[in-house]
Structures are given as C-alpha cells and as structure tokens.
Amino acid sequence: MCLAVPLKITKIEGKSAVGEAGGLSQNVRVDFIPDLSVGDYVMVHAGFAIEKMSEKEALEGLEFLAEVLDEQA
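What counts, and where the lines are drawn
Residues numbered from 1 in each chain as written. Predicted model: local features only at pLDDT ≥ 70, side-chain atom pairs only at ≥ 80, totals over all residues. Heavy atoms only, no water. Helix = DSSP H or I, 4+ residues; strand = E, 2+ residues; numbered from the N terminus. Polar contact = N/O pair within 3.5 Å; in protein donor to acceptor, adjacent residues only side chain to side chain. Contact = heavy atoms within 4.5 Å. Salt bridge = Lys/Arg side-chain N within 4 Å of Asp/Glu carboxyl O. Buried < 20%, exposed > 50% of the residue type's maximum accessible area, 1.4 Å probe, protein only. Pairing = 2+ DSSP bridges.

## Thoughts on the side chain of Asp40
Step number 1: Examined against the element boundaries, Asp40 turns out to sit in the loop between strand 3 (24-29) and strand 4 (41-45).
Step number 2: Here the side chain of Asp40 touches Ser37 through a polar contact of 2.8 Å, landing on its backbone nitrogen.
Step number 3: With residues near it in sequence (within four places) discarded, Asp40 still touches Leu7, Lys8, Ile9, Asp35 and Lys52.

## Here's the deal with the pattern of salt bridges
Step number 1: All chains considered together, the criterion is met by four salt bridges.
Step number 2: Among the ionic pairs, Arg29 bridges to Asp31, the shortest N-O distance being 2.7 Å.
Step number 3: Exposure remark for Arg29: the relative accessible area of 33% places this residue in the partly exposed category.
Step number 4: Residue class for Asp31 comes out partly exposed when judged on its relative accessible area of 32%.
Step number 5: We note a salt bridge from Glu60 to Lys56, for which the minimum N-O separation is 3.2 Å. With Glu60 and Lys56 both in helix 1 (residues 55-72), this residue pair falls four residues apart, about one helical turn.

## Focus on the pairing of strand 3
Step number 1: As paired elements, strand 2 (residues 16-21) and strand 3 share six bridges and run antiparallel to each other. By the bridge assignment, Glu20 is partnered in strand 3 with Ser25.
Step number 2: The hairpin formed by strand 2 and strand 3 contains two residues between the paired strands, and Gly22 there has a positive phi angle of roughly 60°.

As structure tokens, this is what we get:
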C-alpha cells in the first residue's frame, strides 16, 4: 500500500524539488504543479507532487499521520 504525504517545499531546481516533513527531506518531482514556490505545501505520492495544498490542510494531514504512527508503536 502506498500513501500520499504532505511535504513543505524547501528547494526547487527545475522540475525537481526538495520537500520536508517531520525533519526528513525527500527529493520530489514537481512536473504537475504549476507556479510552485519555496514554502508551498504539496501532497506527494510515489515521489511526485500531485496536488498543491494549503498550510492548514497539510498540517492537519501530518497531525493525522503522526496519530496513526503513534497508535502503531
């Protein structure tokens, strides 16, 4: 099973970017997201940014993911 996770964009170079969440960084392809800026939040699935999100949506998603992971521990 694959999950999409929200990441905050910290660096953009052409069609590649770096996204961060929870202190971890991931390289991300951003081909599908026009007008992306450093500081924007995106939903990432399989290494591709698939949707731009508001900060509120992203933080809610990260909080939910943290709750799920805490329950698994």
